[in-house]
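# What the coordinates show
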Amino acid sequence: MKLLLVCEYWYGTGGWSYKGYLEQLGCEGQVFDFRQPYFTTGASLPVISAATRRISRRKMNAAFVRTVADFRPDVVFFLKGETVYADAIREVKEKYNPILLQWYPDGPFNVENRNATRDSIASIPLFDIYYIYAKSLMQPLREAGAQRVEYLPFCYDPAMLQRPERISDEDSAKYATDVVFAGTWEPMREWWLEKITEFDLSVWGNMWERVDERNPLRRLWKGNAVYGEEISKLFAVSKIHLNFLREQNKDSHNVRTLEIPGYGGFLLTQRSREQAEDLYVEGKEIACFDSVDELKEKITYYLEHEDERLAIARAGYERATAEHQAIHRLRRVIDDVNALPGART
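Overview of the structure. Nothing here was measured: the structure is a model prediction, and the numbers come from that model. (Residues numbered from 1 in each chain as written. Predicted model: local features only at pLDDT ≥ 70, side-chain atom pairs only at ≥ 80, totals over all residues. Heavy atoms only, no water.)

### What to know about the sheet that holds strand 4 (residues 99-104)
Put simply, the test is: In this scheme, strands are said to pair when DSSP sees at least two bridges between them. Secondary structure elements follow DSSP: runs of H or I of four or more residues count as helices, runs of E of two or more count as strands, with numbering from the N terminus. In this description, a line fitted to the C-alpha atoms serves as the axis of each element, helices being fitted only across the stretch in contact, and the angle between N-to-C directions of two axes falls anywhere from 0 to 180 degrees. Contacts: residue pairs with any heavy atoms within 4.5 Å of one another.
Across the sheet, six strands lie side by side as 2-1-3-4-5-6; this open sheet has parallel pairing. Looking along the sheet, the strands with just one partner apiece sit at the ends: strand 2 (28-33) and strand 6 (149-151). Along the sheet, successive strands turn relative to each other by an average axial angle of 20 degrees, direction set aside. The pairing of strand 5 (residues 129-132) with strand 6 spans three bridges and is parallel. Note that in strand 6 the partner of Y130 across the bridge is V149. Strand contacts of helix 2 (residues 50-71): strand 1 (2-7), strand 2 and strand 3 (75-78), with the helix running at about 165 degrees to strand 2, the strand carrying the most contacts.

Have a look at this one:
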């Protein structure tokens, strides 16, 4: 099966991880990076003009159509690709008739999100299968004209979270903490974290300089985002890993839901039914909270009951390893494609 993966392609993205796994599953894979070198949103180059962005986007879309024409994939698999014109997707569908798949990692109807476009909504009916991470979005996608909608949760790539063989005293002093949050600053996250500054808490991530210097939380910000080996060290020496759900994920989950147990960490996450019932079993594989009081109670309890905390972390790891890796999700996608009438395997 020849498969074209339309995605952002740099270390740490889903596309970077998935290409190798798709090849393991028998696909002849090729990547079309819809961000580079054809197009920039201007996020990294704020002085770029709107006219230049439009020209770059048109060039990128033309390059996408040419790539399909040259490669002639059996399947075109989008990981968002929100800057690809609906007309370009329609053109490749009509001319070359590949199976079209979308796995959308955001709220596809959130038009206030600068990464969402009218084209991402207009293209919904063009996909043979539209995968979405939240069950609550399935019916709205059907109402928007989706031919077939499938629930496909996020996943993690174990290759990105390799436990270091040893932790040096220096790294332990740098990263060890009772409670840790790793993620970019957002007002909602600041609101939660400033309520628990009495604990041995550390915060790692970008933009936390926005916290007022008079706020006790500011001194608990240890540094900008860490990745790869460094975040593996952070995971290895921290006792409780916090997770907060953005508005678009509040009734579902996010990538950290899978990454933290997948590494072997103890996950204490803002409660949602999908996390607590569908992906894991609350109290056995992860722990959850709804309120500040419950968050404080859970932190205190699991710091005092180490054996129980470690048992939950172990069980979460076993569940994530068995069900929530990238290859599990991609095997599901390939099985779905092979079951389609007229699929070319």
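### Looking at the side chain of K298
Among the secondary structure elements, K298 is positioned in helix 11 (residues 292-304). Beyond its immediate chain neighbours, meaning those up to four positions away, K298 contacts L268, R271, E282 and C288.

### Focus: the sheet that holds strand 8 (residues 201-204)
The six strands lie next to each other as 9-8-7-10-11-12, forming an open sheet whose pairing is parallel. Strands at the two margins of the open sheet, each flanked by one partner only, are strand 9 (221-223) and strand 12 (287-289). Neighbour to neighbour, the strand axes of the sheet diverge by 30 degrees on average, direction disregarded. Looking at chain direction, strand 7 (residues 177-182) and strand 10 (residues 238-243) are connected through three bridges and run parallel. Of the residues in strand 10, the one forming a bridge with V180 is H241. Its contacts with the sheet put helix 8 (residues 228-237) on strand 7, strand 8 and strand 10, and the angle it makes with strand 10 is roughly 110 degrees.

### Comments concerning the nonpolar core
Rules: In this description, a nonpolar core means a group of buried Ala, Val, Leu, Ile, Met, Phe, Trp, Tyr and Cys residues linked to one another through side-chain atoms lying within 4.5 Å. With a 1.4 Å probe rolled over the protein chains alone, any residue whose accessible area is under 20% of its type maximum counts as buried; one over 50% counts as exposed, and the rest are partly exposed.
Among the nonpolar cores identified, the biggest contains 53 residues, and V6, F64, V84 and I132 are the most heavily contacted of them. Of all the elements, helix 2 adds the most residues to this core, at six residues. What V6 contacts, discounting residues up to four positions off in sequence, is F32, F34, F64, V76, F77, F78, L79 and V84. If you look at the next biggest cluster of nonpolar residues, it comprises 26 residues, including L193, I196, V203 and F266.

### Considerations on the environment of I129
One can find I129 in strand 5. Along the backbone, I129 and D336 are 207 residues apart, and their C-alpha atoms lie at a distance of 8.7 Å. Once you skip the residues sitting within four places of it in the chain, I129 turns out to touch L100, L101, Q102, R148, E150, D336 and L340.

### Looking at the environment of A322
With respect to the helices, strands and loops of the structure, A322 is situated in helix 12 (residues 306-323). For A322 and E82, which are 240 residues apart along the polypeptide, the C-alpha to C-alpha distance reads 32 Å.

### Comments concerning the pattern of salt bridges
Quick note on the threshold: One speaks of a salt bridge when a side-chain nitrogen belonging to Lys or Arg is within 4 Å of a carboxyl oxygen belonging to Asp or Glu.
Here the structure, examined in full by the defined rule, presents 31 salt bridges. Where R319 meets E323, a salt bridge forms, and the shortest distance between an N and an O atom there is 2.9 Å. Of this pair, R319 and E323 both sit in helix 12, four residues apart, roughly one helical turn. R319 gets classed as buried once you look at its relative accessible area, which sits at 17%. The structure contains a network of salt bridges with shared partners spanning R271, E282, D290, E294 and K298.

### Some thoughts on helix 1 (residues 14-24)
Three or four residues apart is the spacing at which side chains of an α-helix point the same way, because the helix has 3.6 residues per turn. Stated precisely, the cut-off is as follows: By definition, the arc is the one covered by directions from the helix axis to the C-beta atoms.
Here helix 1 has its buried residues at G15, S17, Y18, Y21 and L22. One side of helix 1 carries all its buried residues, which in axial view fall inside an arc of 155 degrees. Directly after helix 1, the chain includes G26, whose backbone phi takes a positive value near 100 degrees.

### A word on the packing of helix 1 against helix 13 (residues 326-339)
Convention followed: Throughout, the term roughly parallel applies to angles under 35 degrees, roughly antiparallel to angles over 145, roughly perpendicular to angles from 65 to 115, and oblique to all others. By definition, any crossing whose near helix is turned counterclockwise from its far helix by less than a right angle is left-handed, and any crossing with a clockwise turn is right-handed. The nonpolar class holds Ala, Val, Leu, Ile, Met, Phe, Trp, Tyr, Cys and Pro. Asp, Glu, Lys and Arg form the charged class, and all remaining residues, Gly among them, are polar.
In contact at an axis separation of 10 Å, helix 1 and helix 13 are set at 55 degrees when each is read in the N-to-C sense. Between helix 1 and helix 13, the angle falls in the class oblique. For helix 1 against helix 13, the interelement crossing comes out right-handed. Listed contacts from helix 13 to Y18, Y21, L22 and Q24 of helix 1 are A326, I327, L330 and I334. Among the residues forming the contact of helix 1 with helix 13, the class breakdown is seven nonpolar, one polar and no charged.

### Section: the side chain of K233
We apply this condition: N or O atoms within 3.5 Å of each other form a polar contact, as long as, within protein, one can give a hydrogen and the other can take it, and as long as residues adjacent in sequence are counted only when both atoms are side-chain atoms.
Here K233 lies in helix 8. The exposure class assigned to K233 is buried, which follows from its relative accessible area of 9%. Of the polar contacts made by the side chain of K233, one reaches the side chain of E230; its length is 3.1 Å. Once residues lying within four places of it in the same chain are set aside, the contact partners of K233 are P164, I167, D171 and Y175.

### Observations regarding the state of the cysteines
What counts is decided by this rule: We call a pair of cysteine sulfur atoms a disulfide when they lie within 2.5 Å.
On inspection of all chains with the given rule, the structure shows zero disulfides. C155 takes part in no disulfide bond, and the closest cysteine sulfur, belonging to C7, lies 13 Å away.

### Let's talk about the packing of aromatic side chains
The criterion, for reference: Within 6.5 Å between ring centres, the rings of Phe, Tyr and Trp (the latter by its six-membered ring) count as paired, and their orientation is classed by plane angle as stacked under 30 degrees, edge-to-face over 60, tilted in between. Definition used: whenever NZ (Lys) or CZ (Arg) falls within 6 Å of the ring centre and also within 35 degrees of the ring normal, the charge is taken to sit over that ring.
Within the structure shown, the criterion is met by 19 aromatic pairs. Consider the rings of Y133 and F154, whose centres lie 4.8 Å apart with planes at 15 degrees: the pair is stacked. One end of the pair, Y133, is in the loop between strand 5 and helix 5 (138-143); the other, F154, is in the loop between strand 6 and helix 6 (169-175), and 21 residues separate them in sequence. F154 shares its class with Y133; the two are buried. One aromatic cluster is present, built from ring pairs that chain together F32, F64, F78, Y104, F127 and Y130. The ring of F71 is capped by K2, whose NZ or CZ atom sits 4.6 Å from the centre of that ring. Cation over ring: K135 sits above Y151, and NZ or CZ is 5.1 Å from the ring centre.

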